[in-house]
Amino acid sequence: MNNSCPASLIPKTGHLRRRRRAELLFKIIISICAGLVLFSLILILATILFKSLPALRLSLIIRTPGSGYYLGHEGGILNAIAGSLQLTLGATVVALFISLPAVVFLNSYLRRHSPLAEAIRFVLDVLWGIPSIVYGAFGFLIMLAFHLRASLLAGMITVAMVELPILSRALDETINMVPAELKEATYSLGASRWQTAIKVVLRQAFPGLLTATLMAFGRGLGDAAAVLFTAGYTDRITTSLFQPVATLPLAIFFQLNSPYPEVQQRAYAAAAVLTILILLISLASRGLSRKFSQHKIH
Amino acid sequence: MSLKNLSQKDLWPALVTALFAFLPLLLAVAIFLALSGKALPFISFKSLSTLFFSSTWQPGRGNFGLLPFIAGTIWVTITAFFLAVPVGLLSSIYLSEYAPSGLQKIFRPVLDLLAGLPSVIYGMWGVLLVVPAVRKLQALTVGRESSGYSVLAAGIVLAVMILPTIINVSVEVMSSVPLELKEAALSLGATRLEVVRYVVLKKCFPGIMAACVLGLARAFGETIAVLMVVGNVPEIPRSLFSPAYPLPALLANNYGEMMSIPGYEAALNLAALILLVIVIGFSLIARWYLVKISRRFG
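In this text the structure is predicted, and so the values were computed from the model without any measurement.

Criteria and thresholds
- Throughout this description, residue numbers start from 1 for each chain and increase along the sequence as written.
- Whichever chain is written first is A, and whichever ligand is written first is 1; the rest continue in order.
- The predicted origin of the model limits local features to residues at a pLDDT of at least 70 and limits the giving and counting of side-chain atom pairs to 80 or more, whereas totals for whole chains, interfaces and linings rest on all residues.
- To obtain the side-chain values, all non-hydrogen atoms of the structure were included, while hydrogens and water were left out.
- Labels follow the DSSP assignment, with helices taken as runs of H or I lasting at least four residues and strands as runs of E lasting at least two, numbered in each case from the N terminus.
- Each residue is placed in one exposure class: buried if its accessible area under a 1.4 Å probe, protein chains only, is under 20% of its type's maximum, exposed if it is over 50%, and partly exposed if it falls in between.
- Any pair of residues with heavy atoms lying within 4.5 Å of one another is described as a contacting pair.
- Residue-level accessible areas treat just the shown protein chains as cover; the underlying method is Shrake-Rupley with a 1.4 Å probe.
- Only four residue types enter the tally: Lys and Arg on the positive side, Asp and Glu on the negative side; His and the chain ends are excluded.
- By convention, the point assigned to a charge is CZ for Arg, NZ for Lys, CD for Glu and CG for Asp.
- By definition here, a salt bridge exists when the distance from a side-chain nitrogen of Lys or Arg to a carboxyl oxygen of Asp or Glu is within 4 Å.
- Side-chain atoms within 4.5 Å link the members of a nonpolar core, which is a set of buried Ala, Val, Leu, Ile, Met, Phe, Trp, Tyr and Cys residues.
- Summed over both partners, buried area is the accessible surface (1.4 Å probe) that two parts give up on being assembled.
- Definition of a polar contact: a pair of N or O atoms within 3.5 Å, with one able to donate and the other able to accept a hydrogen when the atoms are protein atoms, and with sequence-neighbouring residues admitted only if both atoms are side-chain atoms.
- All residues other than Ala, Val, Leu, Ile, Met, Phe, Trp, Tyr, Cys, Pro, Asp, Glu, Lys and Arg, Gly among them, are scored as polar; the first ten of these are nonpolar and the last four charged.
- Helix axes are fitted only over the stretch in contact, all axes being lines through C-alpha atoms; the angle between N-to-C directions runs from 0 to 180 degrees.
- Note on terminology: angles under 35 degrees are roughly parallel, angles over 145 are roughly antiparallel, angles of 65 to 115 are roughly perpendicular, and the others are oblique.
- In this scheme, a crossing is called left-handed if the near helix is turned counterclockwise away from the far one by less than a right angle; it is called right-handed if the turn is clockwise.

## A look at the overall build of chain B
Counting its secondary structure elements, chain B contains eleven helices and two strands. The principal-axis extents of the C-alpha atoms in chain B amount to approximately 70 × 70 × 30 Å. Counting every position in chain B, which comprises 298 residues, the buried fraction comes to 53%. Pairs at least 24 residues apart make up 72% of the contacts formed inside chain B by residues separated by at least 6 positions. With the model as given, the accessible surface of chain B reaches about 13,200 Å², and the carbon-plus-sulfur share is 67%. Distance between charge centres in chain B, computed from 21 positive and 12 negative side chains, equals 5 Å.

Written out as structure tokens, the structure is:
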């Protein structure tokens, strides 16, 4: 140690060692925690795929339930796969139809931090936090009010309500990333805000819009609580908006506790299909946003 | 940009998109009014105190004590909270302060994937892996064996489900701490642990609270995954190994087939209303903390 330094400022070696030891211990603990998070994802995916991939056979995917299906006789889960895709596609279109104009209003006609814009964003955050079972209950009350039965239409509307805040907030974030200079440039050329929004902002934000839509689609695809009372369940492929519709999450939920192993196998198969779809959507949205951002102006 | 000085061309698009932007608010108000409109007759039918403090749930005999369900919700949510918060916060510290950037890049998709997995998949994982594990744990520690469908099983499943929320929010807040502050502490000879303790955690406290509240809100309303592993016995749980029956599970099991018993429909709507009001409360608290943190970092 340097002698010219006042004694009180020289860290005692024991003290320093203790601080270093605390640092090391802390680093070990937080690494374990981070490892635990990684491990839990691997554990979940491994459990699901290990259990369900062996149950996944082509005959299950391309057939609808036959007679005696719930006693373990033949049939497949095509009704649930088709139903889930129909319902979620419809719901996403409805949600997009509402959120896109709303987000254009937020970003092109209001200042970023104006009280009105902040209030609308806050309402969206509140809606995001509402559990999907509450949306399910609300959807059911609407159904009762309009004398509708559990149907594709009712399920679609309920899932659209679940997706609306997710989609709007994601679109809002995306559009917010568009450089202000681009808008200023078009304004200076005399374009109206509407022209700028449609021809410049939305086009520039397109990859992000796609990613946000895919994310909302994935969320809608997996939601069981919202469709529990509203979509019903059917063994056939739905052909009209007013018929009940089968969905993958409910196919898993209803069949998992069946006493018949063959029926349980189908729950596993449905879980495999659902998990793979969600993984594909997640991969696709990553890939798409990378592909489209090549042509983006930064 | 503001609504003042709108050009003639922009008037109609502004009005139309504004209508869409007010739909979320309309939806929130409609949900609240619909549920309270259905639940309020109940409050005149039964006094509030029997509702909240009676533990007898016998819809057939007109007894609608919601206490077992409220207690079940609280047990399950708190268990999940205490399992998820330490792991979540410590891994956030690792990710934002210690992890090499390569590892951070791996973690983002992992968290997105965990957040995107449907709750029915989490539920199935719980049934296949967590419930048997809890059964074994109970046999080892208490010596008594039961089904394993319990508060603890639900808490573990929920904890994994809310980890992405907690980690994403707190990592974002922690990485917004100005680098200069950390550098100043480091230059005074602080170890990284001391930087975390005296600079990062101190500066980020409101943000971390927001992350916890958002996680809590998510756990509070989660339905299907909990329903699948919690046992659904309408009694007040006595230990972590007891089964429980949280409010969302009550709704999921009964809302779709509300019997024509007087008060039953209203009791279920009141349960939904309780969920809605508490979740909105959580949103308000989280918002308050987030506004505080964004002011702090300007």
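## Topic: the pattern of salt bridges
On inspection of all chains with the given rule, the structure shows eleven salt bridges over all chains. Note that R169 of chain A is salt-bridged to D125 of chain A, the shortest N-O span being 2.8 Å. Here D125 of chain A lies in helix α4 (residues 115–129) and R169 of chain A lies in helix α6 (residues 152–176), a separation of 44 residues in the sequence. The salt bridge involving E173 of chain A is made with R169 of chain A; its shortest N-O contact spans 3.9 Å. Placement of both E173 of chain A and R169 of chain A in helix α6 is noted, with a separation of four residues, approximately one turn of the helix. Overall, E173 of chain A belongs to the partly exposed group, its relative accessible area being 43%. According to the relative accessible area criterion, R169 of chain A is buried, its value standing at 15%. Taken together, the shared-partner salt bridges in this structure form one network comprising E118, R121, D125, R169, D172 and E173 of chain A together with R287 of chain B.

## What about the environment of P131 of chain A?
Relative to the elements of secondary structure, P131 of chain A occurs in the loop between α4 and α5 (132–145). For P131 of chain A and I42 of chain A, which are 89 residues apart along the polypeptide, the C-alpha to C-alpha distance reads 26 Å.

## Side note on the nonpolar core
Core analysis: the biggest nonpolar cluster contains 190 residues, and L35, W57, L66, Y122, I224, L250 and Y255 of chain B have the highest contact counts within it. By residue number, the principal contributor to this core is helix α6 (residues 151–174) of chain B, which donates 17 residues. Those residues in contact with Y122 of chain B, other than ones at most four positions away along the chain, are I44 of chain A together with L114, A115, L117, V157, V160, M161 and A225 of chain B.

## Points about the interface of chain B and chain A
At the interface, 82 residues of chain B touch 78 residues of chain A. Here chain B meets chain A over a buried area of about 7,200 Å², counting both sides, of which 80% is carbon and sulfur. Put simply, chain B and chain A have four salt bridges between them. A salt bridge links E118 of chain A to R287 of chain B; its shortest N-O distance comes to 3.3 Å. Between the two partners, chain B and chain A, sit eight residue pairs in polar contact (both at pLDDT 80 or more). Per-element tally for the side of chain B that touches chain A: the top contributor is helix α1 (residues 11–45) of chain B, with 17 residues. Taken together, the residues of the side of chain B that touches chain A break down into 60 nonpolar, 13 polar and nine charged.

## Some points on the packing of helix α10 (residues 248–255) of chain A against helix α5 (residues 119–141) of chain B
Put simply, α10 of chain A and α5 of chain B touch, their axes get as near as 9 Å, and they point 25° apart. The angle between α10 of chain A and α5 of chain B falls in the class roughly parallel. Crossing hand, α10 of chain A versus α5 of chain B: left-handed. Residues P249, I252 and F253 of chain A of α10 of chain A lie in contact with α5 of chain B, whose contacting residues are V120, I121 and M124 of chain B. A class-by-class count of the residues in the contact of α10 of chain A with α5 of chain B yields six nonpolar, no polar and no charged.

Read these as spatial facts, not as claims about activity.
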